[in-house]
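Structural features, examined
Here is what each chain is made of, one letter per residue.
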Amino acid sequence: MELYPCDLCGSDDLAEIACAPTYMAGRPLHVCNSCGMVQVAFRKTPEEVKTAWADEMYRVDEKTRLSDATYTARMPAVHARQTFAMDFIDEAVSFRGKSVCDLGAGEGDFLEVLRGDDYGAGEVFAVEPSAANCRMLDERNIPNFLGIAEEYVDQAQDRLGTFDVVTIIWTLENCHSASDVMDAAWRLCKPGGRVAVATGSRILVPFKKPLQYYIGPNADVHPHHFSAKTLAGHMAQAGFRMTDVNRFIDSDYLVMVGEKTDRTAPISWEGDNATAVLGFFERWDKETQGFYMADGPTP
Ligand SMILES: [Zn+2]
């Protein structure tokens, strides 16, 4: 375990979110005082996180509040959010005939649908750290790389700058460094190519779920928590100009699309106010306690 600086702006000036340890088995959650990015700053090393996703995910998940079954893209809620992301991104970039690289592809359901007649992607490629998932990808004849995005970029020099679209679907929040993954996406995109990020993080907009369904004890496999502004910050820092974002205010999802620039001109970004973020979590905790944890309804 190490205390890492802010993944978005690099600052060491972090504040603890007071209510978080109650939901995270005593673990702290931080907000960056400089840019407002919410993150698990004290966390496992990249190697440990990778192992957790590859080998421990199913067991970890069974022990938490997240699911009553093993995690799979065939769960209705997962299917629904993938469909939402697919339609939104397709409207923004049109997958038809395009080459698509999916970072953190899981079992390949997203790519499987993209290459079908409805979306008509020209080529699909999966980057996935789980060996079990890669066996599934092989069975589905989805070309894949076993490893994380940063490793793929190191090892596949011939594919740099060749993809029309790089998708990061409910994955960026789970990576050790979201900024390293966005950098990998930039390297994989062809000039003018697009990155599309979908996430369930959604800070500073009305609460759509109780707090214990948002943060939990498996902090190390979910270290990054985005608002629209901090996700736009990650896009900008990596060299993507934001082109599309969904109406996240009344949706459970945040989906954002960016266009690759040549990085010659810095792209400005705003971030969040840390005091506003701390106040937001304070209210979310109060609402959660009132509605879901006292005598309130249990979903
Ligand atoms: Zn920061």
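Above this text sits the structure in question.
The sections below set out a description of the structure shown in this document. This one's a predicted model, so the numbers in the text were calculated from it and none came from an experiment. (Residues numbered from 1 in each chain as written. Predicted model: local features only at pLDDT ≥ 70, side-chain atom pairs only at ≥ 80, totals over all residues.)

Attention now goes to the environment of Lys 286. Tracing the backbone through its elements, the reader meets Lys 286 in helix α9 (residues 274-293). On the neighbour-count criterion, Lys 286 (12 C-beta atoms within 10 Å) is exposed. For Lys 286 and Cys 19, which are 267 residues apart along the polypeptide, the C-alpha to C-alpha distance reads 9.3 Å. (Helix = DSSP H or I, 4+ residues; strand = E, 2+ residues; numbered from the N terminus. Buried ≥ 20, exposed ≤ 12 C-beta atoms within 10 Å, placed from the backbone.)

Another point: the pairing of strand β9 (residues 163-169). Here β9 lies mainly inside the structure; 7 of its 7 residues are buried. Alignment of strand β6 (residues 99-103) against β9, held across 3 bridges, turns out to be parallel. The residue of β9 that forms the bridge with Asp 102 is Thr 167. Across 6 bridges, the pairing between β9 and strand β10 (residues 189-199) is parallel. Bridge pairing in β10 places Ile 169 opposite Ala 198. (Pairing = 2+ DSSP bridges.)

Two measures define how a pair of helices packs: the angle their axes make with one another and the distance between the axes. Direction vectors running N to C along helix α7 (residues 178-188) and helix α8 (residues 228-238) enclose 50°, while the axes themselves pass 9 Å from each other. By the angle between their directions, the pair α7 and α8 is classed as oblique. By crossing handedness, the relation of α7 to α8 is classed as right-handed. Facing α7, whose interface residues are Ala 178, Ser 179, Met 182, Asp 183, Ala 185 and Trp 186, α8 presents His 234, Gln 237 and Ala 238. Of the residues assigned to the contact of α7 with α8, the class counts are 5 nonpolar, 3 polar and 1 charged. (Axes fitted to C-alpha atoms, helices over the stretch in contact; angles between N-to-C directions. Parallel < 35°, antiparallel > 145°, perpendicular 65-115°, else oblique. Left-handed = near helix turned anticlockwise from the far one by under 90°. Contact = placed C-beta atoms within 7 Å. Nonpolar A, V, L, I, M, F, W, Y, C, P; charged D, E, K, R; others polar.)

Here we take up the sheet that holds strand β2 (residues 14-16). Pairing is antiparallel across the open sheet formed by 4 strands, whose spatial order is β2-β3-β4-β11. Edge positions in the sheet fall to β2 and β11 (224-225), since each of these pairs with one other strand and no more. Across the sheet, α9 touches β2, β3 (30-32) and β4 (38-39), and the angle it forms with β3 is around 155°.

Ordered by their spatial adjacency, 7 strands build an open sheet running β8-β7-β6-β9-β10-β13-β12, and the pairing between neighbours is mixed. Looking along the sheet, the strands with just one partner apiece sit at the ends: β8 (144-146) and β12 (240-245). Between one strand axis and the next, the sheet turns by 20° as a mean value, whatever way the strands run. Across the sheet, helix α3 (residues 76-93) lies against β9, β10, β12 and β13 (254-260), angled at about 30° from β13, the strand it touches most.

Glancing now at helix α5 (residues 131-139). The set of residues buried in α5 consists of Asn 133, Cys 134 and Leu 137. Axial view of α5: buried residues confined to an arc of 100°, hence all on one face. α5 presents Ala 131 and Glu 139 as exposed residues on the side facing more than 90 degrees away from its buried surface. Residues of α5 that are buried sit in contact with β7 (123-128) and β8. (Arc of directions from axis to C-beta.)

Before going further, it helps to examine the pairing of β13. It is a general feature of regular strands that their side chains alternate between the two faces of the sheet. For β13, the tally of buried residues reaches 6 of 7 residues, placing the bulk of the element in the interior. Relative to β13, β10 runs antiparallel, the two sharing 6 bridges. Each residue of the ladder has a partner; that of Val 195, found in β13, is Gly 258. Pairing analysis gives 5 bridges linking β12 to β13, with the strands arranged antiparallel. Its bridge partner lying in β13, Arg 241 is registered against Glu 259.

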